[in-house]
Structure formats: structure tokens, C-alpha cells
Amino acid sequence: MSTIVRFAPSPTGRIHIGNARTAILNWLFALKSGGQFILRYDDTDTARSTEDYARGIATDLAWLGINPARVEWQSRRFARYDAVADDLRARGFLYPCYETADELDRRRKRQQARGLPPVYDRAALKLTDDEKRAFEAQGRKPHWRFRLAQKQVEWTDLIRGPVHIDTANLSDPVLIREDGTYLYTLPSVIDDVDFGVTHVIRGEDHVVNTAVQIEITQALGGKVPSYAHHSLLTGADGKGLSKRLGSLSIGQMREDGFEAMAVVSHAALLGTSDNIHPCTDYAELVDGFDLHKLSRAPARFDETELKALNAKLLHMTGFDAVAARLPGKTEAFWLAVRGNIEKLADAEQWAAVIEGPVTPVVADEDRDFLAAARAALPAEPWDASTWKAWTEAVKTATGRKGKPLFMPLRLALTGLDHGPELAALLPLIGRNRVLDRLA
Ligand code: GLU
């Protein structure tokens, strides 16, 4: 049986690193099992969902290298949901309730005052047809609750292991509001069944929903998928991510110049038993991917770790992978500078150092030394061995060695006391510019 997974964001905002992690885990699962990845927009909340956000999510996923095999919109499936809801009503699984939010609130407070769990008491199930008509005559519209079986629901979660939830401890969930709009729960189950979803991989904030959704799936006669609930990300401070969503959005990370595969590697390996290391493509991540490696403990996302990972990734990235984003640059340039950058855009700073103009930094006591070095400069063509040959000659001519030999040359040639290997930079700077900077 081939696997089908889905990533189901609500297009009411852009995705952040936490949502992206869910998408990436689903994508890795699909890749590893040769299955299908569905992108499903959970846009039943038509007031808050926008096509702009949906487009933004698609852009973010594409940037992360995720290519859904199929895209679905819940807002286009209301006729299907209506038909299923009618069927559930006819079979007594959905029942109408007329309580107002205030009434429910008062009832909950009374229960709590008596030390009882705030579970819906199913008063509406006892309403007679006359009582219902009386409510309707007052202009009240019903919301619809799903009648739970009040039983032990069990599943073996692919991350959490065996889970048991007694639905007798839960309120019958409202699936349809007074105005006829759907809450997330029912459409999600209908879609999972209709699209043949085999594995639901999502955040642990949905664990309790799962018990309800398993019961609904059974009521629909659908096949219950396997579930995997991963822990949620926290910030470096251990608190939930929601506070700083802006800076943690995938769009912002892209704008900030992070490499997609650094974000992917970080999100995929965070909270697993593997070390977080940079992977240049999904194939490498797929090799080691296993949902069992995910810890149940919350995983901490720390932007400084992402920065370090980004740098590490660039240090091992081949020219082919970045050439299109470095127009006019050569492989020699890339190999010279990649070890000295944190973001790809930093490469431009080194291009500026190579091409100049630079302001050579020259100490008075080094003037004669630099003049001697200038005189010893070999003729072109230059290659990676030129630096060594030149500095050997300068050493012989001046008697200097070590730092007093190399640092004045670096300061004069680049204007900086740090940077890429001069052996690699020298041929890129070229003889004319070197002559200028030493003069
Ligand atoms: N739209 C839901 C959410 O973002 C989807 C949850 C699910 O995967 O079922 O929380």
C-alpha cells in the first residue's frame, strides 16, 4: 500500500518554523516511503482565510523544496461536507443544541464550583421536538454536536507509542456552528478519508482531537489512518513560539538570507536523536529519517544555532548549487570565500575586497618590507601555489617569518586583518591590483 500524507495549514497567516517542521516531517515521510504528499488548505474559516496567504504558503513550501503531488481547498468542498453532515444527522451522530455561549459558560462554572469536570452534559439530547420548535420560534439556530461513543479510543502513535483516551471525559464536540459554518474537525476527517490519507503527522496539540476524529472516521465507515504527533517547538527561552511568529516565519528567513536546506536540516533534525548537521539535499535527510527518532520532549528552536548551521552548510556547498545566485562569479572565487561567510550575500563583501578599491592598511615600520615584497612579486600566470612561492621569496629577502611576514601582506592587500586564505585570494586579486595595493 502506498502512503499518503497531508500538510493542512490554515491560510490565515504565513507559516513559521514550527509549521514548516510539520510540513518537512510529512515530506520526508512521503519521500522515504515513496508516497504522496497532499497540501490541503484548511480554509473553512472563510472570513480569516485569504488566497494571498495560501499563495504565500505555497511559495514558502516551494522554497523549502516541498512539491505537493496534489493541492486541495476545503472551501471548495462544502457540498461534500453538507452531504456527510446530513448523513450523520440522519444516523443520530450529530444532534442539534440551542445553548448560547453564555448559557454554556454559566453551566461550566457551576460544574467547576461543584468540582466536576467541565464536560457538556448533553442536555440537548433530551430536548423534545416541541422544545426544539420553541427555540426555533425564538429565532435560535442550532449548533451541531457529534455524539461521542464515550469509550476508550486507542491507537499506537508512531511517535508517542500507545495512547488511550476515554471519550467519556470529553464534551461532545461542536462540528457545525449556528451559522452553518464548519469547525476544522469534521472537514478534516472527511478529507482524510476521501483522499485516502494513510498517515497523519502533526503537532501534539491535536492528540485529543485524534480520539474524536477516530470516532468520526469510524462513524463514516472510513479507514482510520496511522497517527504521529510530534512535540511542539519552543523558542530558545523555552516558551511557545507564537509570540515571535514574525521573525520566525519562513518568508522572513528567506528574506534574511538563510539557505533553504539549512532551515530544512535544522527543522528536520531538531528534537531527534540525531545530531543537527547540515544536509545539502533531502536525499541525505531521507536516509536517516525515522519518526521513532523524534523525542516527545519539546524541541528548542534557537536562531543562533540556525545561523551557525547556515554557515556550516555554505562551507560545504559546491559551486553548482550557488552559481545561479552568484552571477558573474567563478568557482575559484566561491571556493576561496565560502569558508568565510555566514550568509550567501556575504560573498559580495569578499568580491569587493578582491575587486577593490580597498584601502590598504600599512604601518610605518612595514613600508620597506612591503616594498621588498612588491619587488619579489612573481610574473603571471598565477595559481594556488603563487602565494607560497612569493612569500618564500619575501622571507628570504627580508628575513621575516610567521605573523610579521603574513599580517602586513594581508592588511595591505585586503585592508583587513582576517579573511579567506591569501593563497586563494591572490590569483583572484591579480598582479596589477596587488602592485597597486603594495605601492
Ligand atoms: N489546520 C490544522 C492546523 O493547522 C490541521 C491539523 C491537522 O493536521 O489535522 O492545526
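Scroll up for the structure.
Notes on the structure follow.

### Quick word on the sheet that holds strand β8 (residues 174–176)
- Ordered in space as β4-β5-β8, the three strands form an open sheet in which the pairing is antiparallel. Both outer strands of the open sheet, β4 (94–97) and β8, are each paired with one neighbouring strand and no more. Here the strands of the sheet are splayed against their neighbours by 45° on average, with no regard to which way each runs.
- One ladder, built from four bridges, connects β4 with strand β5 (residues 143–146); its direction is antiparallel. Bridge pairing links Leu 94 to Phe 146 in β5.

### Describing the site of the ligand
- The full set of residues close to the ligand is Arg 6, Ala 8, Ser 10, Asp 42, Tyr 184, Ser 188, Arg 202 and His 206.
- Between the ligand and the protein, one listed contact pairs an oxygen atom with a side-chain N or O atom of Arg 6 at 2.7 Å.
- At 2.5 Å from an oxygen atom of the ligand is found a side-chain nitrogen or oxygen belonging to Tyr 184.
- Out of a free accessible area of 290 Å², the ligand has 77% covered by protein chains.
- The residue inventory of the shell around the ligand, partitioned by class, reads two nonpolar, three polar and three charged.

### Re the nonpolar core
- Core analysis: the largest hydrophobic core is formed by 49 residues, its most contacted members being Ile 17, Ile 66, Met 253, Tyr 282 and Leu 285.
- For this core, the elements supplying multiple residues, two or more each, are β1 (4–7), α1 (17–33), β2 (36–41), α2 (51–63), α9 (250–255), α10 (260–269), α11 (282–288) and α12 (303–315).
- A per-element tally of this core places α1 first, with nine residues.
- Dropping the residues within four chain positions of it, Leu 285 is found in contact with Leu 28, Met 261, Val 264, Ser 265, Ala 268, Leu 269 and Cys 279.
- By size, the runner-up hydrophobic cluster in this structure holds 36 residues, among which are Leu 314, Ala 336, Ile 354 and Leu 425.

So, how was this worked out
Residues numbered from 1 in each chain as written. Predicted model: local features only at pLDDT ≥ 70, side-chain atom pairs only at ≥ 80, totals over all residues. Heavy atoms only, no water. Pairing = 2+ DSSP bridges. Helix = DSSP H or I, 4+ residues; strand = E, 2+ residues; numbered from the N terminus. Axes fitted to C-alpha atoms, helices over the stretch in contact; angles between N-to-C directions. Near = heavy atom within 4 Å. Polar contact = N/O pair within 3.5 Å; in protein donor to acceptor, adjacent residues only side chain to side chain. Areas by Shrake-Rupley, 256 points an atom, 1.4 Å probe, with all protein chains shown as cover. Nonpolar A, V, L, I, M, F, W, Y, C, P; charged D, E, K, R; others polar. Core = buried A, V, L, I, M, F, W, Y, C linked by side-chain atoms within 4.5 Å. Buried < 20%, exposed > 50% of the residue type's maximum accessible area, 1.4 Å probe, protein only. Contact = heavy atoms within 4.5 Å.

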